[in-house]
Amino acid sequence: MTQEVKEIFGSASGGPGTPPAPAALAAKVRTLTPSMTRSMQRVAEAVAGDPAGCAALTVTGLAELTGTSEATVVRTARILGYPGYRDLRLALAGLAAQQQSGRSPAITTDIAVDDPIADVVAKLAYDEQQTLADTAAGLDTVQLAAAVAAAATARRVDVYGVGASGLVAQDLVQKLLRIGLIAHAHSDPHLAVTNAVQLKAGDVAIAITHSGATGDVIEPLRVAFERGATTVAITGRPDSSVTQYADHVLTTSTARESELRPAAMSSRTSQLLVVDCLFVGVAQRTYESAAPALASSYEALAHRHRGRT
């Protein structure tokens, strides 16, 4: 993790009701813009594209610049996590100051059909780095800590995900199993629901869905929620349907989709970061039992990794 990402991660999430730090503003815009109305998108794109210029504008001035209304500007500020436009202006001024401090300018990550493979590598590497930085910036560490506490003491952990998110669900379960926790990954929607029915208080159910609208993931989480289990949603849309059944919401980010790079690729990158943060937190809290369990799992597989003569 770069120093820049560490700084963003450490300051972006001061707890419920805390406005995002200036460094997190661009990340919030990239994450939330797709779910905004077109008029709100114009406001969000304007402040992200020219933070210095927009910081100098009144709410009326920004509304005129974007062809929207003052109410739209205020609503956009609130969706981005700021109590009002004044707070957004302060963040814009801070972001502008950071940009003027000599940080490297962003590069385009659009991949063309005729790009040399070296350019493809460079663009994808930059894209992955940006996605991780955005996710770290927007991740609410208070919500993360609560999810860690619940999982660390859970009787069992069920994880739901389909498609690319299903692969992430399997990754999390594999990690939890190796430190001695009882965990199951469900990609079959029927099995997910029938297992969710068995959950109760003291259990944890985790839904992984970037869109937050995947019915096959929402349904078992709803059932688990109604049965009294602690529920967690890992999603790129904090205002989506899945969150209404989530006690804790962990927000991911994703790069802009392109013809040669489906959104599922970058969303999986951000989901894996959140999953790793969740797992490490659980391993820390259960260290006395997790460390021996992990050592035993390594030992059990050691003979499969030794060279054969």
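Cut-offs applied
- Residues numbered from 1 in each chain as written.
- Predicted model: local features only at pLDDT ≥ 70, side-chain atom pairs only at ≥ 80, totals over all residues.
- Heavy atoms only, no water.
- Helix = DSSP H or I, 4+ residues; strand = E, 2+ residues; numbered from the N terminus.
- Contact = heavy atoms within 4.5 Å.
- Areas by Shrake-Rupley, 256 points an atom, 1.4 Å probe, with all protein chains shown as cover.
- Phe/Tyr/Trp six-rings, centres within 6.5 Å; stacked < 30°, edge-to-face > 60°.
- Lys NZ or Arg CZ within 6 Å of the ring centre and 35° of its normal.
- Core = buried A, V, L, I, M, F, W, Y, C linked by side-chain atoms within 4.5 Å.
- Buried < 20%, exposed > 50% of the residue type's maximum accessible area, 1.4 Å probe, protein only.
- Pairing = 2+ DSSP bridges.
- Axes fitted to C-alpha atoms, helices over the stretch in contact; angles between N-to-C directions.
- Parallel < 35°, antiparallel > 145°, perpendicular 65-115°, else oblique.
- Nonpolar A, V, L, I, M, F, W, Y, C, P; charged D, E, K, R; others polar.
- Salt bridge = Lys/Arg side-chain N within 4 Å of Asp/Glu carboxyl O.
- Expected span 1.5 Å × (residues − 1).
- Polar contact = N/O pair within 3.5 Å; in protein donor to acceptor, adjacent residues only side chain to side chain.
- Arc of directions from axis to C-beta.

Draft legend 1. Structural detail: the overall build of the chain. Broken down by element type, the chain carries 14 helices and five strands. When contacts within the chain are restricted to residue pairs at least 6 apart in sequence, long-range pairs at least 24 apart make up 70% of them. For the chain, the exposed area adds up to about 15100 Å²; of that, 55% sits on carbon and sulfur atoms.

Draft legend 2. View of the packing of aromatic side chains. Inspection of the entire model under this criterion finds one aromatic pair. Over the ring of Tyr-298 we find Arg-178, and its NZ or CZ is 4.7 Å from the ring centre.

Draft legend 3. Representation of the nonpolar core in the model. Within the largest apolar cluster, 33 residues are counted, with the highest numbers of intra-cluster contacts made by Val-157, Val-159, Leu-176, Ile-206, Ile-208, Leu-250 and Val-282. Contributions of two or more residues to this core are made by α9 (141–152), β1 (157–160), α10 (164–178), β3 (204–208), β4 (230–235) and α13 (263–285). The element that contributes the greatest number of residues to this core is α13, accounting for eight residues. Aside from chain neighbours lying at most four places away, what touches Leu-250 is Leu-139, Asp-140, Gln-143, Leu-144, Ala-147, Val-232, Ala-233, Ile-234, Thr-235 and Val-274. Counting 22 residues, the second largest nonpolar core, distinct from the first, contains Met-36, Met-40, Val-47 and Ala-63.

Draft legend 4. Inspection of the sheet that holds strand β5 (residues 248–251) at higher detail. Spatially, the five strands line up as an open sheet ordered β2-β1-β3-β4-β5, and their pairing is parallel. A single partner strand is all that each edge strand has here, and the edge strands are β2 (183–186) and β5. When strand polarity is set aside, the average angle formed by the axes of neighbouring strands in this sheet is 15 degrees. Pairing of β1 with β2 involves four bridges; the strand directions are parallel. Bridge assignment links Tyr-160 to a residue of β2, and that residue is His-186. Sitting on the sheet, α10 is in contact with β1, β2 and β3, with an inclination near 170 degrees to β2.

Draft legend 5. Structural context of the packing of helix α5 (residues 59–66) against helix α6 (residues 70–79). At a minimum axis separation of 8 Å, α5 and α6 run at an interaxial angle of 100 degrees. By the angle class used here, α5 and α6 are roughly perpendicular. From α5, Val-59, Thr-60, Leu-62 and Ala-63 reach across to α6, where they touch Glu-70, Val-73 and Val-74. Residue classes in the contact of α5 with α6 are distributed as five nonpolar, one polar and one charged.

Draft legend 6. Here's a closer look at the pattern of salt bridges. Enumeration over the complete set of coordinates arrives at seven salt bridges. The residue Glu-45 makes a salt bridge to Arg-38 at a minimum N-O spacing of 3.8 Å. Of the residues examined, Arg-38 reaches a relative accessible area of 46% and is grouped as partly exposed. When the shortest N-O distance is used, the salt bridge between Asp-158 and Arg-156 registers 2.9 Å. Accessibility expressed as a relative area gives 0% for Asp-158, which makes it buried. Here Arg-156 falls in the buried class, since its relative accessible area comes to 12%. Here the residues in one salt-bridge network are Asp-171, Lys-175 and Asp-276, joined through shared partners.

Draft legend 7. Geometry of helix α12 (residues 215–226). In a regular helix each residue adds 1.5 Å, so twelve residues correspond to 16 Å; α12 covers 16 Å between its end C-alpha atoms and thus fits that length. All of the buried residues along α12 are Val-217, Ile-218, Pro-220, Leu-221, Val-223 and Ala-224. Looking at the buried residues of α12, the elements they touch are β1, α11 (189–196), β3 and β4. Phi turns positive one or two residues past the end of α12, at Gly-228, with a value near 95 degrees.

Draft legend 8. Highlighting the environment of His-303. Examined against the element boundaries, His-303 turns out to sit in helix α14 (residues 287–305). From its side chain, His-303 meets the backbone oxygen of Ala-300 in a polar contact 3.3 Å long.

Draft legend 9. Region of interest: the pairing of β3. Among the five residues of β3, five are classified as buried, and the element is accordingly described as predominantly covered. Here β3 shows two buried faces, one formed by Val-204, Ile-206 and Ile-208 and the other by Ala-205 and Ala-207. Pairing analysis gives four bridges linking β1 to β3, with the strands arranged parallel. Paired with Val-159 across the bridge in β3 is Ile-206.

Draft legend 10. Broad picture of α11. Inspection of α11 places Ala-192, Val-193 and Ala-196 among the buried residues, and these make up the whole buried set. For α11, the buried positions fall inside an angular range of 95 degrees around the axis, keeping them on one side. If you follow the buried residues of α11, they end up packed against β1, β2 and α12. Here α11 starts with a cap whose side-chain oxygen sits 2.8 Å from the backbone nitrogen of His-190, and that cap is Asp-188.

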